[in-house]
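Structural features, examined
Spelled out, the chains give:
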Amino acid sequence: QIPNPSGGTVGEITGFDQSRRTRDPVIRDDSLNYGVVGHLLRDRRGVNVSVFGNYSESFRPVSGAIDLNGGPIAPIKGEGTEYGVRLEAFQGKAALNVIAYSIDQVNSPINIPQNIRDEINALFGANTVVAAGANTVGDTSTIRSEGMEFELTLNPRPTWTLTANFARNDKQQASVLPVTSPYW
């Protein structure tokens, strides 16, 4: 039985090794963020130039999801870097930001649809996977995103602001379904 925090149960798990489940309700890790800004040019004939960088690590537990073996989905962990330059001109009436970034995310959750769970159950001739309507059954993947952003802001009059931006993001997914793939 899978206990429901609000009482009762939300499903039943059968056909897996009970020793793989953990009942530790406390998951701890650190999230941190470091950033720096350098002003290369300050108010020289109405022009300002700044550079900046940021590094961050994040952590987020996955609540209520289990893998095909009945174990908890590992927490999502991320790491990101961001670098950029900001140019302001005409006493702040024009600004250009150019930013490059990369984000790595491990244990990004993927829901396993019921039809795939049914196929795996049929292969083994038993209900080895959580039954329909139970907790979210999932797996994970690793995601890497890299990209650039450009933003131009013009303030031609005190009550007018014009903004144009462009972003390019390249996303790659790897290590997809590490728990589920051995069943195929």
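Residues numbered from 1 in each chain as written. Predicted model: local features only at pLDDT ≥ 70, side-chain atom pairs only at ≥ 80, totals over all residues. Heavy atoms only, no water.

**Observations concerning the overall build of the protein**
Where we set the bar: Elements are defined by DSSP. Helices are runs of H or I of four residues or more, strands are runs of E of two residues or more, and each kind is numbered from the N terminus. Only protein chains enter the accessibility calculation, which uses a 1.4 Å probe; a residue is then buried when its area is under 20% of its type maximum, exposed when over 50%, and partly exposed in between. Two residues qualify as a contact provided that any one of their heavy atoms is within 4.5 Å of a heavy atom in the partner residue. The Shrake-Rupley method, run with a 1.4 Å probe, gives the accessible areas here. Residue values count only the displayed protein chains as cover.
Secondary structure summary: the protein contains one helix and nine strands in total. From first element to last, N terminus to C terminus, the protein shows the α and β order β-β-β-β-β-β-β-α-β-β. In the protein, which comprises 184 residues, the proportion classed as buried is 29%. A separation of at least 24 residues holds for 61% of the contacts in the protein among residues at least 6 apart in sequence. Per element, the accessible surface of the protein, about 12,000 Å² overall, is 54% carbon and sulfur.

**A word on the confidence of the model for the protein**
The following threshold applies: pLDDT is defined as a per-residue confidence score from the predictor, taking values between 0 and 100.
For the protein, the mean per-residue pLDDT works out to 79, and 77% of the residues sit at or above 70. Between residues 1-18, whose pLDDT stays under 50, and residues either more than four places distant or in other chains, the model counts 34 contacts.

**Considerations on unusual backbone geometry**
The backbone phi angle of Gln-91 is positive, close to 55°, even though this residue is not glycine. Of note, Gln-91 is situated in the loop between strand S6 (76-89) and strand S7 (94-111). Overall, Gln-91 belongs to the exposed group, its relative accessible area being 64%.

**Let's talk about the pattern of salt bridges**
Counted only if it meets this: Here, a salt bridge means any side-chain nitrogen of Lys or Arg that lies within 4 Å of a carboxyl oxygen of Asp or Glu.
In the structure shown here, the tally under the stated rule is four salt bridges. Between Arg-144 and Asp-104 there is a salt bridge, and its shortest N-O distance comes to 2.6 Å. In this pair, Arg-144 sits in strand S8 (residues 136-154) while Asp-104 sits in strand S7, placing the two residues 40 residues apart along the sequence. What makes Arg-144 partly exposed here is its relative accessible area of 29%. We classify Asp-104 as partly exposed; its relative accessible area is 26%. Linking Arg-144 and Glu-146 is a salt bridge whose minimum nitrogen-to-oxygen distance equals 2.9 Å. Here the residues in one salt-bridge network are Asp-104, Arg-144 and Glu-146, joined through shared partners.

**Some words on the pairing of S7**
Inclusion rule: By definition, two strands form a pair when at least two bridges between them are found by DSSP.
Where S6 and S7 come together, 13 bridges link them in antiparallel fashion. Paired with Lys-77 across the two strands is Val-106, which belongs to S7. Hairpin geometry of S6 and S7 is characterised by an intervening segment of four residues between the two adjacent antiparallel strands and by a positive phi of about 55° at Phe-90.

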